[in-house]
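Tertiary structure, described
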Amino acid sequence: MRRDRGGIEKEIQVMADAGFDALFQAASAARAHAHVPYSHFPVGAAIRTPDGRIHAGCNVENAAYPQSQCAEATAIGIMVAAGGTAIEEIVVIGGEAGDTLLCTPCGGCRQRIREFARGDTKIHVCGPEGLRLTTTLDALLPHSFGPENLQD
């Protein structure tokens, strides 16, 4: 870890960069395996849980389009199957290098993420070349309905 006269702030930034890099690499590797014979639009997603584990997934298309699955949904399913119950941070990679378009989670995936994440959870929207936007779940899904709405 690097330190400067700023002390702990620099150490935290180096750790955050390393965490992002690991998520980006996992999402990129998953994206390479996307099954997209119809849209030809591969997407990869990676989730970091509070214990530091990373779970990645890709989109999987189906000839019966509604049966297709988004990369975020795949990653969430893998997280849950591994015993995870909370999302700390997410990377989503889609699009072509340099196209500048944002591949944000769709509405359904925003709600799926909401089931396991806090409003301030960071969502990093990336292209194959790297980061395009960092936002939060609250920014993507304001005034959302979540598990607490169903508690007694």
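Residues numbered from 1 in each chain as written. Predicted model: local features only at pLDDT ≥ 70, side-chain atom pairs only at ≥ 80, totals over all residues. Heavy atoms only, no water.

**As for unusual backbone geometry**
Worth spelling out the cut-off: Strands are runs of DSSP state E lasting at least two residues, helices are runs of H or I lasting at least four, and both sets are numbered from the N terminus onward. Throughout this description, buried means an accessible area under 20% of the type-specific maximum (1.4 Å probe, protein chains only), exposed means over 50%, and partly exposed covers the range between.
Phi at Thr-100 is positive, roughly 65°, even though this residue is not glycine. Tracing the sequence through the fold places Thr-100 in the loop between strand E3 (87-93) and helix H3 (107-116). Located in the positive-phi region is His-143, a residue other than glycine, with phi close to 55°. Within the secondary structure layout, His-143 lies in the segment after helix H4 (137-140). A relative accessible area of 83% places His-143 in the exposed class.

**Some points on the packing of helix H2 (residues 71-81) against H3**
Stated formally: To obtain an axis, a line is fitted to C-alpha atoms, over the contacting stretch when the element is a helix, and the angle between two such axes runs from 0 to 180 degrees between their N-to-C directions. Just so you know how the angles are binned, under 35 degrees is roughly parallel, over 145 roughly antiparallel, 65 to 115 roughly perpendicular, and the rest oblique. Crossing handedness is read from the near helix: turned anticlockwise from the far helix by less than a right angle, it gives a left-handed crossing, and turned clockwise, a right-handed one. We call two residues in contact whenever any of their non-hydrogen atoms come within 4.5 Å of each other. Polarity classes work like this: nonpolar for Ala, Val, Leu, Ile, Met, Phe, Trp, Tyr, Cys and Pro, charged for Asp, Glu, Lys and Arg, and polar for all others, with Gly in that last group.
Running from N to C, H2 and H3 point in directions that differ by 25°, and their axes come no closer than 9 Å. As summarised for this structure, H2 and H3 are arranged roughly parallel, according to the angle between their axes. Helix-helix and strand crossings are classified by hand; for H2 and H3 the assignment is left-handed. Seen from H2, the contacting residues are Glu-72, Ala-73, Ile-76, Met-79 and Val-80; seen from H3, they are Cys-109, Arg-112, Ile-113 and Phe-116. In terms of residue class, the contact of H2 with H3 is made up of 7 nonpolar, no polar and 2 charged.

**Things to note about H3**
Stated formally: The reported arc concerns the directions from the helix axis to the C-beta atoms and nothing else.
All buried positions along H3 are accounted for by Cys-109, Arg-110, Ile-113 and Arg-114. Viewed along the axis of H3, the buried residues span an arc of 150°, placing them on a single side of the element. Where H3 is buried, its residues contact H2, E3, strand E4 (117-127) and H4.

**A word on the environment of Arg-112**
Within the fold, Arg-112 resides in helix H3. Considered as a pair, Arg-112 and Glu-72 are 40 residues apart in the sequence and their alpha carbons are 8.3 Å apart. The contact partners of Arg-112, leaving out residues within four places of it in the chain, are Ala-73 and Ile-76.

**Points about the nonpolar core**
For the record, the criterion: Nonpolar cores were defined as sets of buried Ala, Val, Leu, Ile, Met, Phe, Trp, Tyr and Cys residues, with membership established by side-chain atoms within 4.5 Å.
Core analysis: the biggest nonpolar cluster contains 18 residues, and Ile-47, Ile-87, Ile-90, Val-92, Ile-113, Ile-123 and Leu-137 have the highest contact counts within it. Where this core is concerned, the elements lending two or more residues are strand E1 (44-48), H2, E3, E4 and H4. The element contributing the most residues to this core is H2, with 4 residues. Formed by 8 residues, the second largest nonpolar core is a distinct cluster that contains Ala-27, Ala-46, Ile-93 and Cys-126.

**Remarks on the sheet that holds strand E2 (residues 54-58)**
As a reminder of what qualifies: Following DSSP output, two strands are said to pair if at least two bridges run between them.
Strand order in the open sheet formed by 5 strands is E2-E1-E3-E4-E5, and the pairing between neighbours is mixed. Looking at the sheet topology across the chains shown, the edges are occupied by E2 and strand E5 (130-136). Strand-to-strand, the axes of this sheet are offset by a mean angle of 20°, without reference to chain direction. Judged from the 5 bridges that link them, E1 and E3 form a sheet pairing that is antiparallel. Residue pairing in the sheet places Ala-45 in a bridge with Val-92 of E3. Contacts from H2 reach E1, E2 and E3 within the one sheet, and its direction differs from that of E2 by about 140°. Here H3 sits on the sheet and contacts E3 and E4; the angle it forms with E4, its principal contact strand, is near 135°.

Remember, this is a structural readout, not a statement about activity or role.
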